[in-house]
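Chain residues, written in single-letter form:
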Amino acid sequence: MNEKASRPVRRVGGGAGFAGDRIDPAVALAASGEVDAVVLECLAERTLVPGLRARRQNPEAGADPRLRRRLAPLLPAARKMGCRIISNLGAANPAAAARQIARLAAEVGAGGIRVAGVVGDDVARHRDAIAWERPIEGTLLGAHAYLGTEGLIEAIEGGADVVVTGRVADSALFAAELAPHLDGSEDAFANATMIGHLLECSGQITGGNFEAPGGDSLDGAGFARLGYPIARVAPDGSAEIGILDGLPGRVDRLTCTLQLLYEVHDPAAYITPDAIVDFSQVLIEEIGPNRVRVSGARTVGRPERLKVSGFVERPGTLADVELSYAGTGALTRARHAADALRIRLDHFPEGALRIDLVGVDSVLGGASKPGNAAPPEVRVHVSAVCDDEEDAQAIEDEIYTLTICGPAGGGSVRSERRPRIEVLDGFIDRDLIETAIVWG
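Keep in mind it's a predicted model, so treat the numbers as computed, not measured.

Undergrad: A description of the overall build of the protein should follow, citing residues and the corresponding values.
TA: The helix and strand inventory of the protein stands at 11 helices and 19 strands. Whereas a compact globule of 440 residues would reach a radius of gyration of roughly 22 Å, the protein reaches 24 Å, a difference of no more than 12%. Buried residues in the protein amount to 51% of all 440 residues. As presented, the protein carries roughly 19,900 Å² of accessible surface, and 50% of it is formed by carbon and sulfur atoms. Here the protein contributes 46 positive and 62 negative side-chain charges, whose respective centroids are spaced 4 Å apart.

Quick look at the structure:
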């Protein structure tokens with residue numbers, strides 16, 4: 001009998017789906033004794049940029065700033081139950097993150113664990129070898145490739161209790177834990193990648209961010225205590241997905257199908273660093289309350305190049321300002337205010353200024369169809385690309401001026417200014433990627 005085929009199921013939990021996710025669900029998973037690993041998916045472009053800027057000032061900075069708050073309660077529970085933690089909390093500096101985690105573990109009574117930082121996603125030194133979608137205009141703050149499972153598996157097989165990395169494909173965080181326990185077939189790995197994709201957004205598959213037909217969803221108390229997902233994965237990669245007993249949630253064909261298609265452009269060709277996966281024949285079976293079985297993913301190739309996200313600092317400042325109108329005629333007054341601003345700010349070049357009405361056309365734009373009832377309150381929202389801080393201040397002044405010059409009743413101004421950072425996509429030959437393990 002194939003040794004891998006005889007291995008028992010592997011149990012993995014989705015403990016976080018983004019940087020600011022809740023902390024207690026991951027602790028509950030680790031403390032339950034029902035999972036072999038908890039995966040925390042905590043990295044996106046918006047969270048990588050602050051890490052890059054911090055690392056530029058301090059070579060030991062750049063990890064997720066929530067690392068300590070997230071792991072302090074999780075490490076003891078994971079240590080007690082022998083549960084591995086895998087995460088991209090390393091953000092722009094996984095090597096430094098590994099050292100921080102090792103120190104933190106000693107502080108919280110979880111000393112002696114092995115912490116591995118997986119590095120190699122930083123490809124800024126290869127900037128000229130990257131096929132960018134368009135020329136770089138500005139200063140390249142950083143460039144990070146989406147890695148796959150290779151370095152993660154090396155760390156796991158090296159005995160790591162905690163694996164921390166930077167930019168990897170979200171599904172790879174899960175597939176790496178599962179891969180050593182699969183039967184070795186390509187389709188088993190495709191299923192493991194699918195499981196990773198299903199669990200990567202934590203509560204989104206268990207009834208969060210979900211509204212069933214007819215409004216049959218959880219109530220406020222259910223959303224507040226939402227259980228996060230567990231997958232029990234067989235050697236062929238098929239899995240049963242559910243939640244911990246006693247926690248609210250909803251796991252069925254609807255929630256799983258929606259998550260399966262989430263952020264997938266082509267269900268027959270979901271591109272990951274390790275494999276191109278076909279989801280079109282996936283079978284989702286309801287086998288009990290809050291319990292489904294998923295199977296049927298297939299591998300249909302492997303990409304020769306890896307995606308890269310580049311972060312470019314552009315000259316100028318982004319100004320973001322809002323102003324409220326409320327009461328009788330709020331929509332009419334808000335529209336007059338927006339028209340006045342378009343006239344006053346007509347010197348901005350095309351594409352550098354956007355003015356919309358929050359609650360009316362800020363999301364759907366011209367496709368928005370107002371209902372019969374006038375909204376009782378509306379916010380005028382202005383975003384502008386400004387050459388400098390002086391221009392940004394001028395935008396803010398124009399909005400404040402409306403509180404005097406009219407329309408009547410404008411107030412509650414909110415103003416924000418941000419550096420101008422552009423995300424630039426590209427591709428790099430996988431032969432240029434060199435992963436390594438840094439032990440904390």
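Undergrad: So, the sheet that holds strand 10 (residues 270-271): which residues are in play, and what are the values?
TA: One open sheet accounts for 3 strands, arranged 10-11-14; its pairing is antiparallel. Looking at the sheet topology across the chains shown, the edges are occupied by strand 10 and strand 14 (298-299). The pairing of strand 11 (residues 276-278) with strand 14 spans 2 bridges and is antiparallel. Its bridge partner lying in strand 14, Asp278 is registered against Arg298.

Undergrad: How would you sum up the packing of helix 10 (residues 330-344) against helix 11 (residues 389-405)? Please name residues and give values.
TA: Between helix 10 and helix 11, the shortest axis-to-axis distance is 11 Å and the interhelical angle comes to 135°. As far as their axial angle goes, helix 11 and helix 10 are oblique. Considering only the axes of helix 10 and helix 11, their crossing is right-handed. Touching Ala337, Ala340, Leu341 and Arg344 of helix 10 are Glu398, Ile399 and Leu402, all from helix 11. Its residues assigned to classes, the contact of helix 10 with helix 11 comprises 5 nonpolar, no polar and 2 charged.

Undergrad: Describe helix 5 (residues 150-157), and please don't skip the residues or the numbers.
TA: Those residues of helix 5 that sit buried are Gly151, Leu152, Ile153, Ala155 and Ile156. If you follow the buried residues of helix 5, they end up packed against strand 3 (84-87), strand 4 (115-119), strand 7 (162-165), helix 6 (170-178) and strand 19 (436-439). Positive phi shows up at Gly159, right after helix 5, with a value of about 95°.

Undergrad: Any chance you could break down the sheet that holds strand 2 (residues 37-40) for me, citing the residues and the numbers?
TA: Sheet strands pair by backbone hydrogen bonding; their relative direction is either parallel or antiparallel. The strand order across the open sheet built from 10 strands is 12-13-9-8-1-2-3-7-4-19, with neighbouring strands paired in mixed fashion. For this open sheet the edge positions go to strand 12 (283-288) and strand 19, each flanked by a neighbour on one side alone. Within this sheet the neighbouring strands show an average axis-to-axis angle of 25°, counted without direction. Where strand 9 (residues 239-243) lies against strand 13 (residues 291-295), 4 bridges are found, and the strand directions are antiparallel. Paired with Glu240 across the strands is Arg293, a residue of strand 13.

Undergrad: Please give an account of unusual backbone geometry that cites residues and values.
TA: Residue Pro407 is reached from Gly406 by a cis peptide bond, and omega for that bond is 10°. On the secondary structure map, Pro407 appears in the loop between helix 11 and strand 18 (411-429). The phi angle at Ser202 is positive, at roughly 50°, despite the residue not being glycine. Overall, Ser202 belongs to the buried group, its relative accessible area being 4%.

Undergrad: So what's going on with the packing of aromatic side chains? Which residues, and what values?
TA: By the definition in use, this model includes 1 aromatic pair. Arg114 extends its terminal NZ or CZ atom over the ring of Trp439, reaching a point 4.1 Å from the ring centre.

Undergrad: Could you give an account of the packing of helix 7 (residues 186-199) against helix 9 (residues 253-261), with specific residues and numbers?
TA: The interhelical angle for the contact between helix 7 and helix 9, taken along N-to-C directions, is 105°, at an axis separation of 8 Å. In terms of axis orientation, helix 7 runs roughly perpendicular to helix 9. Counting all contacts with helix 7, which are made through Met194, His197 and Leu198, the residues of helix 9 involved are Cys256, Gln259, Leu260 and Leu261. For the contact of helix 7 with helix 9, the class distribution of residues is 5 nonpolar, 2 polar and no charged.

Undergrad: Which residues make up helix 9, and what values do they have?
TA: Along helix 9, the residues classified as buried are Thr255, Cys256, Gln259 and Leu260. All buried residues of helix 9 fall inside an arc of 135° around its axis, so they share one side. Its buried side turned inward, helix 9 meets helix 7, strand 12 and strand 13. Put simply, Asp252 is the residue that caps the front of helix 9, since its side-chain oxygen is 3.1 Å from the backbone nitrogen of Leu254. Just downstream of helix 9 lies Glu263, where phi reads positive at about 55°.

Undergrad: Account for the state of the cysteines, with residues named and values stated.
TA: For the coordinates displayed, the defined rule picks out 0 disulfides. You can see Cys386 has no disulfide; the closest cysteine sulfur is in Cys405, sitting 20 Å from it.

Each value, and the rule that gives it
- Residues numbered from 1 in each chain as written.
- Predicted model: local features only at pLDDT ≥ 70, side-chain atom pairs only at ≥ 80, totals over all residues.
- Heavy atoms only, no water.
- Helix = DSSP H or I, 4+ residues; strand = E, 2+ residues; numbered from the N terminus.
- Rg over C-alpha atoms; globule rule 2.2 N^0.38 Å.
- Buried < 20%, exposed > 50% of the residue type's maximum accessible area, 1.4 Å probe, protein only.
- Areas by Shrake-Rupley, 256 points an atom, 1.4 Å probe, with all protein chains shown as cover.
- Lys, Arg positive; Asp, Glu negative; His and termini not counted.
- Charge placed at Lys NZ, Arg CZ, Asp CG, Glu CD.
- Pairing = 2+ DSSP bridges.
- Axes fitted to C-alpha atoms, helices over the stretch in contact; angles between N-to-C directions.
- Parallel < 35°, antiparallel > 145°, perpendicular 65-115°, else oblique.
- Left-handed = near helix turned anticlockwise from the far one by under 90°.
- Contact = heavy atoms within 4.5 Å.
- Nonpolar A, V, L, I, M, F, W, Y, C, P; charged D, E, K, R; others polar.
- Phe/Tyr/Trp six-rings, centres within 6.5 Å; stacked < 30°, edge-to-face > 60°.
- Lys NZ or Arg CZ within 6 Å of the ring centre and 35° of its normal.
- Arc of directions from axis to C-beta.
- Polar contact = N/O pair within 3.5 Å; in protein donor to acceptor, adjacent residues only side chain to side chain.
- Disulfide = S-S within 2.5 Å.

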